[in-house]
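Notes for the structure review
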Amino acid sequence: MEDLKKIISGCASGKKRAQEQLYQLFAPKMFGVCLRYAKDSTEAEDNLQEGFIKVFQNIGSFRHEGSFEGWIRRIMVNVSLEKFRKQHVLHPVEDVSIYEGQNVSDDILAGISAKELIAEIQQLPPRYRMVFNLFVIEGMNHQEISEEMKITVGTSKSNLARAREILKRRVKELYGDIEKTSNYTAGWVKN
Amino acid sequence: MGKKLNIDDSIREKLDGFSAAPPLHVWDGIQSQLDGQRKKRRMAYVGWISAAAVVLLAFIAGWYFSGKSVVEEPVMVQQQTTPESNQEPAVSPQDKNIEIAVDQLAGTQEINSNEENNYETIADNKILAEVELPAQQNKSESRQVIAARPEENYSFLHRIEAIFTTNQSNVSLAKKRNETKIQESFTADKMLIAANLQNLNEQKQQEHGWIVGAQISPGYSSHSASHNESYARNMTYESDNGGSNIGGGISVQYKTGKRLRVESGIYYAKDGQKADNSFNLFASRNDMLYEAAPNASYDASTPGFSNVVQTGSGGSGISMNSTAGVIEMESTPRGANIAAKLESSKDATADVLYADGEFSQVFEFVEVPLYIRYSVLDKKVGIELLGGINAGFVIGNNAYLDNNYGVQNIGSTADISTLNFSGTLGIGLNYALGKHFAVALEPRLNYYLNSINSNPDVDYRPYRIGIYTGVYYEF
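Per an unreviewed UniProt entry, chain B goes by the name Outer membrane protein beta-barrel domain-containing protein and belongs to Draconibacterium orientale.

Chain A is annotated in an unreviewed UniProt entry as RNA polymerase sigma-70 factor of Draconibacterium orientale. Word for word, the UniProt comment on chain A under Sequence similarities (unreviewed entry) is "Belongs to the sigma-70 factor family. ECF subfamily."

**Re the overall build of chain B**
Secondary structure summary: chain B contains 10 helices and 15 strands in total. Residue burial in chain B is summarised as follows: out of 475 residues, 43% are buried. In chain B, 73% of the contacts between residues at least 6 apart in sequence involve partners at least 24 apart. Total accessible area computed for chain B in this model is approximately 25,000 Å², and 58% of it derives from carbon and sulfur atoms.

**Structural notes on the packing of aromatic side chains**
Tallied over the full model, the rule gives 15 aromatic pairs over all chains. Ring centres of Tyr23(A) and Phe52(A) lie 4.9 Å apart, and the angle between their planes is 65°; this geometry places the pair in the edge-to-face category. Highlighted residues: Tyr23(A) in helix α2 (residues 16–37) and Phe52(A) in helix α3 (residues 41–58), separated in sequence by 29 residues. In this structure Tyr23(A) comes out as buried when scored by relative accessible area, which is 6%. Taking relative accessible area as the criterion, Phe52(A) reaches 0% and is therefore assigned buried. Here Arg444(B) stacks its cationic end above the ring of Tyr468(B), 4.1 Å away from the centre of that ring.

**Regarding the confidence of the model for chain B**
Residue and element names in this part refer to chain B. On average, chain B scores 68 in pLDDT, and the residues at 70 or more come to 55%. Here residues 68–152 scores under 50 on pLDDT; set against residues more than four positions off or in separate chains, the count is 89 contacts. Counted against residues more than four places away or in other chains, residues 278–302, with its pLDDT under 50, gives 42 contacts.

**Some thoughts on the nonpolar core**
Core analysis: the biggest nonpolar cluster contains 67 residues, and Leu22(A) and Phe52(A) have the highest contact counts within it. Among the elements that make up this core, the one with the highest residue count is α2(A) (11 residues). Not counting the four nearest positions on each side in its chain, Phe52(A) is found in contact with Leu22(A), Tyr23(A), Phe26(A), Ala27(A), Met30(A), Ile72(A), Met76(A) and Ile30(B). Tyr231(B), Ala324(B), Ile416(B) and Tyr460(B) belong to the second-largest nonpolar core, a separate cluster that totals 13 residues.

**Quick notes on the interface of chain B and chain A**
With 33 residues of chain B in contact, the opposing surface of chain A contributes 42 residues. Across the chain B/chain A interface, buried area totals approximately 3,500 Å², and carbon plus sulfur atoms make up 61% of it. For the pair chain B and chain A, the number of links is two salt bridges. In this structure, the salt-bridge partner of Asp8(B) is Arg164(A), at a minimum N-O distance of 2.6 Å. Between chain B and chain A we count seven residue pairs in polar contact (both at pLDDT 80 or more) in total. Those elements that provide at least two residues to the side of chain B that touches chain A are α1 (2–16), α2 (24–71) and α4 (139–154) of chain B. The greatest single-element share of the side of chain B that touches chain A, amounting to 11 residues, is contributed by α1(B). Looking at the side of chain B that touches chain A residue by residue, the class counts come to 13 nonpolar, 11 polar and nine charged.

**Side note on the environment of Arg170(A)**
Residue position: Arg170(A) is located in helix α9 (residues 153–190). For the pair Arg170(A) and Leu117(A), spaced 53 residues apart in sequence, the C-alpha separation works out to 9.9 Å.

**Observations concerning the pattern of salt bridges**
Scanning all chains against the criterion turns up 19 salt bridges over all chains. Between Lys29(A) and Glu69(A) there is a salt bridge whose closest N-O contact spans 3.1 Å. Remark: Glu69(A) occurs in helix α4 (residues 68–87) and Lys29(A) occurs in helix α2; sequence separation between them is 40 residues. Note that Glu165(A) is salt-bridged to Lys168(A), the shortest N-O span being 3.9 Å. Of this pair, Glu165(A) and Lys168(A) both sit in helix α9, three residues apart, which is roughly one turn of that helix. The exposure class of Glu165(A) is buried, given its relative accessible area of 6%. According to the relative accessible area criterion, Lys168(A) is buried, its value standing at 7%. Each of Arg261(B), Glu263(B), Arg373(B), Glu384(B), Glu442(B) and Arg444(B) takes part in salt bridges that share partners, so that together they form one network.

**Digging into the packing of α3(A) against α4(A)**
Angle between the axes and distance between the axes: these two values describe a pair of packed helices. All names here are of chain A. The interhelical angle for the contact between α3 and α4, taken along N-to-C directions, is 125°, at an axis separation of 9 Å. Compared by their axis directions, α3 and α4 come out oblique. Between α3 and α4 the crossing geometry is right-handed. Contacts between α3 and α4 involve Glu43, Asp46, Asn47, Leu48, Glu50, Gly51, Phe52, Lys54, Val55 and Asn58 from the first element and Trp71, Ile72, Ile75, Met76, Val79, Ser80, Glu82, Lys83 and Gln87 from the second. Within the contact of α3 with α4, the residues separate by chemical class into eight nonpolar, five polar and six charged.

**Here's the deal with the environment of Val26(B)**
By the secondary structure assignment, Val26(B) is in helix α2. Given the relative accessible area of 1%, Val26(B) is considered buried. Setting aside residues up to four positions removed in sequence, Val26(B) forms contacts with Tyr23(A), Glu45(A), Leu48(A) and Gln49(A).

**Section: unusual backbone geometry**
A positive phi angle, close to 55°, is found at Lys150(A), a residue other than glycine. You can see Lys150(A) is positioned in the loop between α8 (142–149) and α9. When its relative accessible area of 62% is taken as the criterion, Lys150(A) is described as exposed. Of note, Asp415(B) is a non-glycine position whose phi angle comes to about 65°, a positive value. Mapped onto the elements of the fold, Asp415(B) is located in the loop between β12 (406–413) and β13 (419–433).

Analysis parameters
Residues numbered from 1 in each chain as written. Chains lettered and ligands numbered in written order. Predicted model: local features only at pLDDT ≥ 70, side-chain atom pairs only at ≥ 80, totals over all residues. Heavy atoms only, no water. UniProt positions renumbered as here; feature names shortened; annotations may be inferred. Helix = DSSP H or I, 4+ residues; strand = E, 2+ residues; numbered from the N terminus. Buried < 20%, exposed > 50% of the residue type's maximum accessible area, 1.4 Å probe, protein only. Contact = heavy atoms within 4.5 Å. Areas by Shrake-Rupley, 256 points an atom, 1.4 Å probe, with all protein chains shown as cover. Phe/Tyr/Trp six-rings, centres within 6.5 Å; stacked < 30°, edge-to-face > 60°. Lys NZ or Arg CZ within 6 Å of the ring centre and 35° of its normal. pLDDT = per-residue confidence, 0-100. Core = buried A, V, L, I, M, F, W, Y, C linked by side-chain atoms within 4.5 Å. Buried area = accessible area lost by both parts, 1.4 Å probe. Salt bridge = Lys/Arg side-chain N within 4 Å of Asp/Glu carboxyl O. Polar contact = N/O pair within 3.5 Å; in protein donor to acceptor, adjacent residues only side chain to side chain. Nonpolar A, V, L, I, M, F, W, Y, C, P; charged D, E, K, R; others polar. Axes fitted to C-alpha atoms, helices over the stretch in contact; angles between N-to-C directions. Parallel < 35°, antiparallel > 145°, perpendicular 65-115°, else oblique. Left-handed = near helix turned anticlockwise from the far one by under 90°.

Pasting the structure below:
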């Protein structure tokens, strides 16, 4: 912890060595964050780069009050959202009240690697991807998401529902068959 | 609903701690971007410091000159430069304006020529860059490629010109050169070849080479002086601590690298001091009442001159202590009177010389410099720092009295060393006019490191602030 403080203050005074250390510490995890928000790894790399530039530029304003990882992660999410806002004008709101419920067992999910799951998330339409990430992973509620993304709460909800459905269908299509024989019944039992 | 949340949780668990090693080029991109920002900041500092230094120097020079123009009466025939000194404070700020305006103009020219000549090639390069990086992994790299190209492209026309002109055996090509021809040959291959050739040419041209220059320098000269007590007791009083004059010369520079140059040359400079020892300032009024000769135009309100002198010392003439040394006169100057100083019984040869008017001493130097120049900014507008030493040869040493009879050469100052050394510091601002010519404005301070008077009683070191204005030609 002391080390991290030292690294942070080194970065604040513009020391290259400290910047590199900080990058080594956080880049893999933050790349994971960026990958979830981006449509592909190139966009994620861009966002990671842009995010770290922002981190180094603003690290002097970090007051050691909250979690540093939370702070840096917030910057990455913000960069991703900013990119989304620039790239995507608002899509017309779809009515998603009637989506057929897909049953996906936990066990199917358990059999999928994080990488595969991220690949599926990246395939989601941009706004669904954003809402899904903010709600499921960052733990924001719909009110917060609606403010963050300048959409209505209803849109946020429907986007999330739609994202879930698409993901479930995709997961089922791609991985469900393999797991069917061994885990399908177990899944039913569980639920 | 419960099931949905369950899935959310599973997904969160899976993804929350997920990490993946980003490719190495991301860090490289971050570093180069941060370095770029650092460099920009540093350049901004250098720019501001240089600008501040120039403004400060110009201000100091202007302050000296303006102060001088109030005090000085145009009394010396030799000093024909009084009008220049009056113009000086007005000239330097104007020059600065011109510099700035020209700078801006240069900037827009660069941009224009970029757009006109290279729009298509930039686009080409972009495509090339993207093809080279099919995974689109390196947006930052491709951006750098795009950013780097316009600089190369900008000077393309110049490069073509340079290749043709340096290639002197190919005179016919140089004659054929025209805009349309060059436009036609705008293919990527030719450009690359031209760029490579030009890089070679430029390296040769920039790394080593000769530059000659000619400068003229309106300047302000003064001195620092100290004397031992017995000498100072009988010394003239300075009326004016400095004077304006004009100098100049030619210089030769040799480039030893991209930024460093060694310079020598030959310069002419003038330095002097004046003395109008008025009744009120130095010799007491009572002294004069006792000692005034019948014809003396004694009037406390009229500036006049009186000082103790030695007559017949060393078998010749009259000698008088001045700031720069002992002035030796062969005979009593016209319009001046010598009175016996009756009180100083200790010294039989002590007399008082008095006259209306002003004494002055003028020294002329030929200086051979050895300077190092360091180029801080080497663009269309360049900034250089220079410093070094000069060997200063005294080629003129005269003393004058200016009174009702005009300016008389009354003798010279004794014990002046022929060879002296001075140090110089300066800042050069130059503006390139084409490939070979540049105009320059260089405020310089030149300070004598040794006393130019070898008399142990006198320590007299002239200094000079000059605004060296001139042209340079680079081979």
